[in-house]
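Observations on the three-dimensional arrangement
Residues per chain, in single letters:
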There are 2 protein chains.
Amino acid sequence: MGPADQVEGPIVAVDLGGSRIRATIADEGGRLLGRVDRTTPASRGPDAVVDALAKLIWTALAGQPGIDDHDPARVVVAATGPFDPQGTWIDPSNLGPAYHGFPLGRELARRLGRPVLIGLDTHLALLGERRAGVLRGCRDAIYITVSTGVGGAFLVDDRLVVGAHGIAGEIGHLPVAASGPRCGCGGRGHLEALASGPAMAAAATSAARRGRSRPLLERLEARASAGLTGADVTEVAATGDEAATRIVARARTALGRAVTGLVNIVDPTRVVLGGGVVLSDPEPWIDSCRLEVAKGALVTQKAAVEIVAARLGDDAGLIGCLDHDRLGARWSLPDR
Amino acid sequence: MGPADQVEGPIVAVDLGGSRIRATIADEGGRLLGRVDRTTPASRGPDAVVDALAKLIWTALAGQPGIDDHDPARVVVAATGPFDPQGTWIDPSNLGPAYHGFPLGRELARRLGRPVLIGLDTHLALLGERRAGVLRGCRDAIYITVSTGVGGAFLVDDRLVVGAHGIAGEIGHLPVAASGPRCGCGGRGHLEALASGPAMAAAATSAARRGRSRPLLERLEARASAGLTGADVTEVAATGDEAATRIVARARTALGRAVTGLVNIVDPTRVVLGGGVVLSDPEPWIDSCRLEVAKGALVTQKAAVEIVAARLGDDAGLIGCLDHDRLGARWSLPDR
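All figures in this text were calculated on a predicted structure; none of them were measured in a lab. (Residues numbered from 1 in each chain as written. Chains lettered and ligands numbered in written order. Predicted model: local features only at pLDDT ≥ 70, side-chain atom pairs only at ≥ 80, totals over all residues.)

What follows covers helix α1 (residues 46-62) of chain A. Residue and element names in this part refer to chain A. Taking 1.5 Å per residue as the helical rise, α1 with its 17 residues ought to reach 24 Å, and the 24 Å between its terminal C-alpha atoms agrees with that figure. Residues Pro46, Val49, Leu53, Leu56, Ile57, Ala60 and Leu61 constitute the buried set of α1. Projected down its long axis, α1 shows its buried positions confined to an angular sector of 140°, all on one face. In this fold, the buried residues of α1 make contact with β1 (11-16), β2 (20-26), β3 (32-39), β4 (74-79) and α2 (104-112). (Helix = DSSP H or I, 4+ residues; strand = E, 2+ residues; numbered from the N terminus. Expected span 1.5 Å × (residues − 1). Buried ≥ 20, exposed ≤ 12 C-beta atoms within 10 Å, placed from the backbone. Arc of directions from axis to C-beta. Contact = placed C-beta atoms within 7 Å.)

This is the structure we're talking about:
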């Protein structure tokens, strides 16, 4: 931690997602007050993102009576990493090379004139579910998010597993097959390359173009340049289309196998599944994980692990910002 | 923990392995005094094993001046699990169904009239390396043993990851391939079914019988009913035999891929490889892990993880017994 005694006051909790930025004031009781949001200008690079963040945070602060330029409010941001402990991006594969080495924490602190702490979105989502969601009272848990990527976080003996460099939990790159589609990181057979929304969409696009599925091809043509999404594939599968069903089943089995391996490793009492891909229709994903764990967990205690859907949705990371002291991250302080 | 204030005195540290039982007295400075050992009568069932353990422990105690029937020496056993926290075996797949439900801790405490604590061999080996081996001063680490099975343990922020039921760390059943030889647990594509000594021996036996390798067939016939071992396969591979080389390479790649996934998840600074299969010739195993981690670790910090061979060999578990208070296990007390 930085000089924590200099850092106090209400928290502006911010979620920096790939498509939206959301900000809110978190009061001491853990309530979120006065949310504001806007699109993320991710394609315009990190400077544009910091501008957008700063403006939105000023808006959030302006909406709060009693908080002004001179008050001690501080800012905690849940964002896609990886980051170093000071909030500088390190090779963020989902954002692109322009973001590598960009000191998000320091830049945001400078522009806001306030202390800023950057946390991993997955770590903060787990902490949010622990504070107010399905992990209340649970001491050993795995949190998994399946959306544009696949990420995770671990709670061991009621402590978030932070890792030596603050970036523990990247389960998307767990190998679950010896071969398969190429992952964004370059590897093969990784969970993320089988189960993420873009992975399902890519497999479906390929199947459509090879003439394996008329409904997928029709959907692809209707989407034009935007291309298919994971939700498209799930919807087409629900109509009984064989190719789409196979792709979705492969994704769910991959997740189930990864969860089984993780359950054997971490020995939790609860596994939480979150992220847009799962939460749009959680039950079949949960069922697949339960089936694989029942087959593959080594002992009865592990097979009894509860597998549940995340409860807080997009708010998990914002609520998790209240437990920023459980991260391995350091405050960036503005120059004064 | 049980009533810890009733449990004190010197520690008899015991290693219950598949082929040998070893016992020693550990003094307060952490030295191991007066080792004794004998074969493990594993095939004769758990009662015979407890008998053998009790006799060997009496022998170890008898060799120590100043320790007799009335002194408060207590016993810590490093053994193949899984166990519940009281030291009762739960489905120990490497030992067989006769061991399921056998209360090793309670039975041993009853026969010895002394407090007994049962710990997982992998957990205690990590604690031993942390106390006196290659993990001294390291706070975030992965320990992996490759021998008859494949097991592991994790150190997170200088704490052993125990798990909700005390049985965290079973990395042998991490899926690394979508298919492959059947694992002892029934699964497919598991690390243990590719990288353990018996897994390599089974693949080599099959290759020999299908006429793929004359040197493997000759070795198999020389072994007669004992069958091949992992060491046989490694030795034949070292002569340039193609089939044996492929089997060994597959095992080492599987380990490297699993290590990479674990590095991405746990974010350690050091990975320790132990167990007979690795320690008979550590360098190629370490090289394979370094290669896979360099290819597959997500960020530079993780790629910089040190991969090293265990230093304490068979003594790691015995030395780890001195840190029994870091396990999730409870003392079994004798009825008095």
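Still to come is the rest of the account.
On to the packing of helix α5 (residues 197-209) of chain B against helix α8 (residues 242-266) of chain B, then. Helix packing geometry: the angle between the two helix axes and the distance between the axes. All names here are of chain B. Contact pair α5 / α8: the axes reach a minimum separation of 10 Å and the direction vectors enclose 155°. Looking at the two axes, α5 sits roughly antiparallel to α8. Helix-helix and strand crossings are classified by hand; for α5 and α8 the assignment is right-handed. Across the interface between the two elements, Met200, Ala203, Ala204 and Ala207 from α5 touch Ala243, Ala244, Ile247, Val248 and Ala251 from α8. (Axes fitted to C-alpha atoms, helices over the stretch in contact; angles between N-to-C directions. Parallel < 35°, antiparallel > 145°, perpendicular 65-115°, else oblique. Left-handed = near helix turned anticlockwise from the far one by under 90°.)

Residue and element names in this part refer to chain A. One open sheet accounts for 5 strands, arranged β8-β7-β6-β9-β10; its pairing is mixed. The open sheet has two edge strands, β8 (159-160) and β10 (306-309), and neither has a second partner. Looking at chain direction, strand β6 (residues 141-146) and strand β7 (residues 150-156) are connected through 6 bridges and run antiparallel. Within β7, the position partnered with Ala141 by the bridge is Leu155. Helix-sheet contacts for helix α3 (residues 121-132) involve β6, β7, β8 and β9 (270-274), and the interaxial angle to β7 is about 50°. In this fold helix α10 (residues 282-296) packs onto β9 and β10, with an angle of close to 165° to the strand it touches most, β10. (Pairing = 2+ DSSP bridges.)

Attention shifts here to the domain arrangement of chain A. Residue and element names in this part refer to chain A. Looking at chain A, the domain boundaries give domain 1 (4-125 + 316-326) and domain 2 (137-310). Here domain 1 and domain 2 have C-alpha centroids that lie 27 Å from each other. Contacts between the two partners involve 13 residues from domain 1, matched on the other side by 15 residues from domain 2. Element by element, the count of residues in the side of domain 1 that touches domain 2 is highest for α3, at 3 residues. Partitioning the side of domain 1 that touches domain 2 into residue classes produces 6 nonpolar, 6 polar and 1 charged. (Domains from an automatic or database assignment. Nonpolar A, V, L, I, M, F, W, Y, C, P; charged D, E, K, R; others polar.)

Tallying the contact residues gives 38 residues for chain B and 38 residues for chain A. Going through the elements one at a time, α8 and α11 (300-303) of chain B are the ones with two or more residues in the side of chain B that touches chain A. The element contributing the most residues to the side of chain B that touches chain A is α8 of chain B, with 5 residues.

Phi is mostly negative for residues that are not glycine, and the peptide bonds are mostly trans. Residues and elements named next belong to chain A. Cis rather than trans, the peptide bond between Gly81 and Pro82 has omega equal to 0°. Here Pro82 is to be found in the loop between β4 and α2. Unlike most non-glycine residues, Asp157 shows phi in positive territory, near 55°. Within the secondary structure, Asp157 sits in the loop between β7 and β8. Asp157 gets classed as partly exposed once you count the C-beta atoms within 10 Å, which come to 16.

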